[in-house]
Each structure stands twice: as C-alpha cells, then as structure tokens.
Amino acid sequence: MKWFAFITALIAFSPASFLANVLVDAEGTWGTIVINETGDVVTEDYVCDGEPIRIEIDSSAKRLTSYRNVSEKTHADIIAHGENWLTLKYDGEERTMSNGEPQIWTLFMANADSFVWVRQDWIEDGRIANHTSPRHRCTPAMS
C-alpha cells in the first residue's frame, strides 16, 4: 500500500510543467511494475517486454487507440482532458462502475514518463481513492 500512497501523492502534487501536452505525452509504449494482491511491489523494474501497452492519439478526432499486442486493439473517445489527464469512454464498453453505468477511465500522468488509470467511480470528493498499477514509459530497444 506504500506504493499506492506515493503515486496518489505524486499525481496530486505534480506540477503540470512536467508535461508539454498530454495529448502528445500520453503516446508511446508503457510497461508496468508488478504489484501483488496486498499492494506490495514485487519488483521495482518496469516490465516492458511482457504486456506493455502502446497508445496512439488522434488529437484532431479526440480519439485514443491502445494496443496490448498485435491483435488486441481498443478505441476510445477522449471526452475531456486537462494539463495532465485524459478522460476516456471506450467503444463498446460492457464493464460497469459501481453505479451500473459503463466504465469511464481517466489517464492521470504524474510526469511525462508515468501514469495511472483511474476509473471515474474511484474519484471521491475530488480525490483519487483508487487507481491501477503505475505505467512507465518503455525506452526503445537498442540495436
């Protein structure tokens, strides 16, 4: 749970100056750290070769496309955004939030190289009450 408190504080207090433009900065390939079911960090290393995701953004159409692997692609409308966040409504979303509505997700960037996903019903009184494991930008492989 220490990691959860750290990333929540980092998001809440990160100056937006770390980001040039969230619509540009959110693009890239992203790995994650491994966290067990009790919230403890299993490894400090970001895993970029297991299940990274790749994000592309069409800012003129306000659309995000994410790729988990070559065959798994998802699309979402960017329904709102600020200096360090994007709120998304995924096409054909069947998962529901606690209120029974289709899930709405916000990508919160702590800086240009890390972010977490926050479901809309995980925000309570304007504060993040829960989030996914942090994602970290993967560096391109050296050839």
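Residues numbered from 1 in each chain as written. Predicted model: local features only at pLDDT ≥ 70, side-chain atom pairs only at ≥ 80, totals over all residues. Heavy atoms only, no water.

1. Some thoughts on the nonpolar core
Formed by 23 residues in total, the largest nonpolar core has its most connected members in Ile 55, Leu 86 and Trp 117. Elements that contribute at least two residues to this core include exactly α2 (22–25), β3 (53–58), β5 (73–81), β6 (85–90), β7 (105–111) and β8 (114–119). With residues up to four places along the chain from it excluded, the contact list for Ile 55 reads Ala 26, Glu 27, Gly 28, Trp 30, Leu 64, Thr 65, Ser 66, Leu 107, Phe 115 and Trp 117. (Core = buried A, V, L, I, M, F, W, Y, C linked by side-chain atoms within 4.5 Å. Buried < 20%, exposed > 50% of the residue type's maximum accessible area, 1.4 Å probe, protein only. Helix = DSSP H or I, 4+ residues; strand = E, 2+ residues; numbered from the N terminus. Contact = heavy atoms within 4.5 Å.)

2. Some details on the pattern of salt bridges
Applying the stated rule across the entire model yields 6 salt bridges. We note a salt bridge from Asp 113 to Arg 137, for which the minimum N-O separation is 2.9 Å. Here Arg 137 lies in strand β11 (residues 135–137) and Asp 113 lies in the loop between β7 and β8, a separation of 24 residues in the sequence. Classification of Asp 113 by relative accessible area gives partly exposed; the value is 35%. Given a relative accessible area of 22%, Arg 137 falls into the partly exposed group. (Salt bridge = Lys/Arg side-chain N within 4 Å of Asp/Glu carboxyl O.)

3. Let's talk about the pairing of strand β4 (residues 63–67)
Summarising burial for β4: 4 of the 5 residues are buried, a large majority. In this sheet, β4 lies alongside β3 in antiparallel orientation, the contact comprising 5 bridges. Each bridged residue has a counterpart across the sheet, and for Glu 56 the counterpart in β4 is Thr 65. Between β3 and β4, which pair antiparallel in sequence order, lie 4 residues; one of them, Lys 62, sits at a positive phi of approximately 55 degrees. As defined by bridge partners, β4 adjoins β5 across 5 bridges and the pair is classed as antiparallel. (Pairing = 2+ DSSP bridges.)

4. Here we look at the confidence of the model for the protein
In the predicted model, the protein carries a mean pLDDT of 80, and 71% of its residues have values of at least 70. Between the elements of the protein, mean pLDDT differs from a low of 46, seen in helix α1 (residues 2–13), to a high of 95, seen in β6. pLDDT under 50 marks residues 1–17. Its contacts with residues more than four places away, or in other chains, come to 24 contacts. (pLDDT = per-residue confidence, 0-100.)

5. Points about unusual backbone geometry
Look at Lys 62: it is not a glycine, yet its phi comes out positive at around 55 degrees. In this fold, Lys 62 is placed in the loop between β3 and β4. Classification of Lys 62 by relative accessible area gives partly exposed; the value is 33%. The phi dihedral of Asp 125 is positive, around 55 degrees, even though this residue is not glycine. Its location among the elements puts Asp 125 in the loop between β9 (123–124) and β10 (127–128). Residue classification places Asp 125 among the exposed positions, given a relative accessible area of 81%.

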